[in-house]
Amino acid sequence: MPPSLTDRFLDKVAPGPLGCWDWTAHVKPNGYGQFKVAGRPQYAHRVAYELVRGPIPRGLVIDHLCRRRHCVNPDHLEVVTTRTNIRRGISPAARRARQTHCARGHRFNRANTYRAPNGTRHCRPCAARRARDRRRGVSCASA
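As a convention, each chain's residues are numbered from 1 in the sequence order in which they are written. In view of the model being predicted, local features appear only for residues whose pLDDT reaches at least 70, and side-chain atom pairs are presented and counted only at 80 or more, with totals across whole chains, interfaces and linings using the full set of residues. To get the side-chain values, all heavy atoms of the structure are used, and hydrogens and water are removed first.

Trainee: I'm lost on the overall build of the chain in this one. Help?
Mentor: Regarding its fold elements, the chain presents five helices and eight strands. The order of α-helices and β-strands along the chain, N terminus first, is α-β-β-β-β-α-β-β-α-α-β-β-α. Computation of the radius of gyration draws on C-alpha atoms alone. For the globule rule, the value is 2.2 Å times the number of residues to the power 0.38. Its C-alpha atoms give the chain a radius of gyration of 23 Å, clearly above 15 Å, the size a compact globule of 143 residues would have. Judged by the C-alpha coordinates and their principal axes, the chain covers about 80 × 30 × 25 Å. Residues counted as buried form 28% of the 143 residues belonging to the chain. The criterion used for residue contact is that any of the two residues' heavy atoms lie within 4.5 Å. Intrachain contacts of the chain at a sequence separation of at least 6 include 28% that bridge at least 24 residues. Surface exposure here means Shrake-Rupley accessible area, sampled with a 1.4 Å probe, where a residue is shielded only by the protein chains that are shown. Accessible surface for the chain amounts to roughly 9,800 Å². Of this, 53% is attributable to carbon and sulfur atoms. Going along the chain from the N terminus, every DSSP run of H or I of four or more residues is numbered as a helix, and every run of E of two or more is numbered as a strand. Only protein chains enter the area calculation, which uses a 1.4 Å probe; residues under 20% of their type maximum are buried, those over 50% are exposed, and those in between are partly exposed.

Trainee: How should a nonpolar patch on the surface be read in this particular structure?
Mentor: Taken together, the side chains of Leu 5, Leu 51 and Val 52 make up a nonpolar region of the molecular surface, amounting to roughly 220 Å² of accessible area. Tracing the backbone shows Leu 51 in helix H2 (residues 44-53). Judged by its relative accessible area of 35%, Leu 51 is partly exposed. Patches here are clusters of residues that have more than 30% relative accessible area and form no salt bridge, with a 9 Å joining cutoff for like charges and a 5 Å cutoff for nonpolar side chains (Val, Leu, Ile, Met, Phe, Trp, Tyr). Any carboxyl oxygen of Asp or Glu that lies within 4 Å of a side-chain nitrogen of Lys or Arg is treated as forming a salt bridge with it.

Trainee: Just checking my understanding: could you explain the pattern of salt bridges for this structure?
Mentor: Per the counting criterion, the structure on display carries six salt bridges. Put simply, Arg 67 and Asp 63 hold a salt bridge, and the shortest N to O gap is 3.1 Å. Its relative accessible area of 44% is what places Arg 67 among the partly exposed residues. With its nearest N and O atoms 3.9 Å apart, the salt bridge here joins Asp 133 to Arg 129. Of this pair, Asp 133 and Arg 129 are both found in helix H5 (residues 124-136), four residues apart, which corresponds to roughly one turn of the helix. Connected through salt bridges with shared partners, the residues Asp 63, Arg 67, Glu 78 and Arg 88 form a single ionic network.

On their own, these measurements won't tell you what the molecule is for.
Encoded structure:
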């Protein structure tokens, strides 16, 4: 009798630091483990979550609470929106999303913040200052 999906999966897991379950089989260049289910490659952490918790709701993603991409411990995985997952990260986009003030110290709020068509936030007081300086012929370097 062939081994069950769970047995095959657990054969590729080893204890790691912080209570992680490290994936010991194929790890993709992006750091995520890969596991074949019915002959199709799947992300190992998603398989782990579904084996223990059930299906991942449509439109949601798995966040590694331990920040280790090759960890497959279901207790370290949480279903969240893509936005939440990005904001919890350490990428430049995540750092910008967590910012509460502009570079000059103005608070990002409804009154003094506008969103550009690409979704980035801009400070109205700083934009007004740049416009004033441009009209006066003052370069940004001398301001």
